[in-house]
Structures are given as structure tokens and as C-alpha cells.
Amino acid sequence: MKFELPVLPYAKDALQPAISEQTLEFHHGKHLLAYINKLNELVEGTRFKGETLEAMIRSADGAIFNNASQTWNHIFYFETFSPKGGGEPKGVLAEAISKKWGSFEKFRQEFSDAAVSLFGSGWVWLVESRDRSLSIINESNAGNPLREGHIPLLTFDVWEHAYYLDVQNRRADHIKGLWNIIDWNIVAGRVIKD
Ligand SMILES: [Fe+2]
């Protein structure tokens, strides 16, 4: 079975001004589609044909890893947002964030700083470890924390293609806007259940 471009759970203009319709058209409709098409091409005739994206992220290297991981990362990233997003998490996730960072505001600052200062292209992640502790992790290029056994809860894409059409080189301005479209119910749903 071939991987296909998932339909976005919101209209392409629904996340404005945090992410413009034009950026979504390119980022989802062209960049993500290109990773998916490339991956379908690459796995033909290899042991990865028919495998899940997660299996490829854990054990592939080179181009198959890059395209599988970029596919997974983008789907996860786009699924996190909602035009009704923003605010702060509640419940278990809010408690875990307070336990680690003292307050949601401190967590947000540290996550934003990590995203702004990540050198080059990559992803910043909030992850949960098996011991239920939370961490912020920077990954370069197509990096994905599943590879180190962490559970991804939230990610920001800091490749320039995620924001250049909207704010050119002002990555910090883009990061600021993303907090207004995070659907914390979706993020909370990713926390490890008993
Ligand atoms: Fe991207």
C-alpha cells in the first residue's frame, strides 16, 4: 500500500495569521507531498516496503529514514493545530509541565528559545519518557525522538519552508504565533496512558 497525503483537519485559511493559506498550500500540498512521493519510490524493492513509518524511523537510515521521518513529523505537526487552539493545557499534562518547569509560561519560553536557536533546519519537540518525565529536545533535519524511545507530544517545524513566505527570516515571530493554534486536547491525548 502506498502512503498518501492526508487531508488537513481544517481549511487552508483557518490558521491565519499564525500560518497563512499560502504557506499551508506549499508546506502541506507540496513539501509534505514530495516527501510522501519520494518515500513511496524509495521503498520499492526494499525490506521496508509495506512497513509502517514508525518502523522505518526506528531502523532505516539515509534517504528512507529522512523521507519516512519527514512524512511522520509533518503529519504529526499539522494534526496538532486548530483554529480554536491556544491557551494552556489542563489536567495531567498541565501538572507534568508545572512539575518540570515550574509554570506553563516558563515551559513556553524554554520551548520557544529552543525553536528560535536551533541552528539550520530541524524540529523542536516536547517529549515524554517511559518514566513519565517531560523534556524539550532539538532534532536536526528529519530527526525524530521515536528513534531514542521517547513519546512525542508536540513539535514545531523550524525548517525555513515552514515560515519564510509569511515572515521571511523572522523565525521568532512565527514561533510566537504557533502558540495561538495549538490544540492542547490533541497534545494531551498523546500522553502515555496507564
Ligand atoms: Fe516542514
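Our subject is the structure listed above.
Because the structure is a prediction, the values reported are computed rather than measured.

> Kindly report on unusual backbone geometry, identifying the contributing residues and their values.
In the segment running from Q16 into P17, the intervening peptide bond is cis, with an omega of 5 degrees. Take P17: it is sitting in the segment before α1 (21-43). Positive phi, close to 75 degrees, is recorded for R132, a residue that is not glycine. Among the structural elements, R132 can be located in the loop between β1 (122-128) and β2 (134-140).

> An account of the packing of aromatic side chains is needed here, citing residue identities and associated values.
Tallied over the full model, the rule gives 16 aromatic pairs. Ring centres 5.7 Å apart and planes at 80 degrees place the aromatic pair F111 and W179 in the edge-to-face group. Of this pair, F111 sits in helix α5 (residues 104-117) while W179 sits in the loop between α7 (171-178) and α8 (184-188), and the two are 68 residues apart along the sequence. Note on F156 and W179: the rings are 5.2 Å apart at their centroids and 65 degrees apart in plane angle, and the pair reads as edge-to-face. Of this pair, F156 sits in strand β3 (residues 151-157) while W179 sits in the loop between α7 and α8, and the two are 23 residues apart along the sequence. F156 sits in the buried class, given a relative accessible area of 0%. Classification of W179 by relative accessible area gives buried; the value is 5%.

> Could you give me a rundown of the nonpolar core, with the residues and numbers involved?
Counting residues in each nonpolar core, the largest one holds 60 residues, and the members touching the most others are F81, F107, L154, F156, W179 and W184. In terms of domain composition, this core takes at least three residues from each of domain 1 (21-79) and domain 2 (91-188). For W179, the residues in contact, after removing those within four places along its chain, are G86, G87, F104, F107, R108, F111, S112, F156 and W184.

Cut-offs and rules
- By convention here, each chain's residues receive numbers from 1 onward along its written sequence.
- Residue-level local features of this predicted model are given only where pLDDT is at least 70; pairs of side-chain atoms are given and counted only at 80 or more, and the full residue set underlies all totals for whole chains, interfaces and linings.
- Excluded from the side-chain calculation are hydrogens and water; included are all heavy atoms of the structure.
- Numbered from the N terminus, helices here are DSSP runs of H or I no shorter than four residues, and strands are runs of E no shorter than two.
- Only Phe, Tyr and Trp rings take part, Trp by its six-membered ring, and two of them pair if their centres are within 6.5 Å. Stacked means planes under 30 degrees apart, edge-to-face means over 60, and tilted covers everything else.
- Relative accessibility thresholds used throughout: buried, under 20% of the residue-type maximum; exposed, over 50%; partly exposed, between the two (1.4 Å probe, protein chains only).
- Among buried residues, those of type Ala, Val, Leu, Ile, Met, Phe, Trp, Tyr and Cys that are joined through side-chain atoms within 4.5 Å constitute a nonpolar core.
- Each domain's extent is set by a domain assignment, obtained either automatically or from a database.
- Only heavy atoms matter for contacts: two residues are in contact if any of them lie within 4.5 Å across the pair.

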